[in-house]
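Below are the chains, spelled out letter by letter.
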Amino acid sequence: MRRSRLFPLSCLATLIFALSGGPLRAADAPAVDPEAELARAAKLHSEASAIRDEATLRFSDEEIACYQRFLVNRCIDQARARRVEAVRRARALDTEADAIELADKNRRFAERMAEQEASAPRKAVERAEQEAKNRAESEARLREFSEKNAERTKLEQDAKTRGMQEAEARHRREADQARRRAEEAAAAAQRAEQARSDKADYEERARKAAEKKAEKERKNAAGAPPATDALLPGK
């Protein structure tokens, strides 16, 4: 069961903060054992809870008993007053425990602030070194990218130049081959024409030779003597 406070813990914390001028510094805080103090605060809370529970149970028993007496209301009021007194004692213990816990929080906060203050120059140097390293790495990446881009551009230009040179060489080869094929075709046509011409000449000479031979045979046949029986064999 959570306790209710007549003096809220937030007000207590504000009061301690104001009176101490802010968070307690580690140098101003007395030497204490944090674990022992927190253990004592837990014990105080436990005692306060036990007192509160005991007061509630006792009031319940006394209230029932009061109805058996003549002055019932007075009896109940006295029992309620005893319960209120017990609750006040429990609240006092809770308040003391809360103060211990708040002091421990202030101590740990002061230690963190002192640690941050002590490490601030070192962290500033580390941060500056890291920023310088990051800038150097960024510049190195940019330089490497620029060099790679220049190299890639050169490779592309060289490849384009080689492609143009290879295309020109290929065109020259193809032109030479076409020229040779044309020359060979012209030579073949010339040879074919010469062959036809030679064949025609040969046929003309053969025709004339045949005509001369036929004419000679005709003349020889016309000038020969007629054949007789004496000349025939076996007569």
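Residues numbered from 1 in each chain as written. Predicted model: local features only at pLDDT ≥ 70, side-chain atom pairs only at ≥ 80, totals over all residues. Heavy atoms only, no water.

Peer 1: I tried to follow the packing of aromatic side chains on my own but got confused; where do I start?
Peer 2: Two aromatic rings are characterised by how far apart their centres lie and by the angle between their planes. The final tally for this structure, using the stated rule, is 0 aromatic pairs. One cation-aromatic arrangement involves R83 over F59; the distance from NZ or CZ to the ring centre is 4.3 Å. (Phe/Tyr/Trp six-rings, centres within 6.5 Å; stacked < 30°, edge-to-face > 60°. Lys NZ or Arg CZ within 6 Å of the ring centre and 35° of its normal.)

Peer 1: Is there a simple way to explain the confidence of the model for the protein chain in this structure?
Peer 2: Low pLDDT means the predicted atomic positions in that stretch should not be read closely. Taken over all residues, the pLDDT of the protein chain has a mean of 80, while the share at 70 or more is 82%. Summarising per-element confidence for the protein chain, the mean pLDDT is lowest in helix α1 (residues 9-19) (45) and highest in helix α2 (residues 34-66) (89). Low pLDDT, under 50, characterises residues 1-27; the predicted model gives this stretch 26 contacts beyond four residues in sequence or across chains. In this model, residues 229-235 is a region of pLDDT below 50 whose contacts with residues beyond four sequence positions or in other chains number 1 contact. (pLDDT = per-residue confidence, 0-100. Helix = DSSP H or I, 4+ residues; strand = E, 2+ residues; numbered from the N terminus. Contact = heavy atoms within 4.5 Å.)

Peer 1: Help me out: how do you make sense of the pattern of salt bridges in this one?
Peer 2: Tallied over the entire structure, the rule returns 18 salt bridges. Residues R179 and D176 are paired through a salt bridge, measuring 2.6 Å at the closest nitrogen-oxygen approach. One end of the pair is R179 and the other is D176, both in helix α3 (residues 72-223) and 3 residues apart, which spans about a single turn. (Salt bridge = Lys/Arg side-chain N within 4 Å of Asp/Glu carboxyl O.)

Peer 1: What's the story with α2 in this structure? I'm lost.
Peer 2: Each α-helix winds once per 3.6 residues, and so residues spaced three or four apart point in a common direction. A rise of 1.5 Å per residue sets the reference length of α2, with its 33 residues, at 48 Å; its end C-alpha atoms lie 47 Å apart and thus fit the reference within 8%. Buried residues of α2: A41, L44, H45, A48, I51, R52, A55, F59, E62 and C66, and no others. Packed against the buried residues of α2 are α3. (Expected span 1.5 Å × (residues − 1). Buried < 20%, exposed > 50% of the residue type's maximum accessible area, 1.4 Å probe, protein only.)

Peer 1: Before we go on, may I ask you to explain the state of the cysteines in this structure?
Peer 2: By definition, a disulfide links two cysteine residues through a covalent bond between their sulfur atoms. Taken as a whole and assessed by the stated rule, the structure comprises 1 disulfide. Shown here is the disulfide that connects C66 with C75, its sulfur atoms set 1.8 Å apart. Note on the C66 and C75 pair: the S-S dihedral is about -65°, so by sign convention the disulfide is left-handed. We note that C66, like C75, is buried. (Disulfide = S-S within 2.5 Å.)

Peer 1: So what exactly am I meant to see when it comes to the nonpolar core here?
Peer 2: Most often, soluble globular proteins keep nonpolar side chains buried together rather than apart. In terms of nonpolar packing, the biggest core is built from 10 residues, these being A41, L44, A48, I51, A55, A86, A90, L93, A97 and I100. When residues of this core are traced back to their parent elements, those giving at least two are α2 and α3. Setting aside anything within four residues of it in sequence, one finds A86 in contact with I51, A55 and R58. One finds F59, C66, C75 and I76 within the second-largest nonpolar core, a separate group that totals 6 residues. (Core = buried A, V, L, I, M, F, W, Y, C linked by side-chain atoms within 4.5 Å.)

Peer 1: Which parts of the structure should I look at to understand the side chain of E62?
Peer 2: Looking at the element boundaries, E62 is found in helix α2. With a relative accessible area of 19%, E62 lands in the buried category. Not counting the four nearest positions on each side in its chain, E62 is found in contact with C75, A79 and R82.

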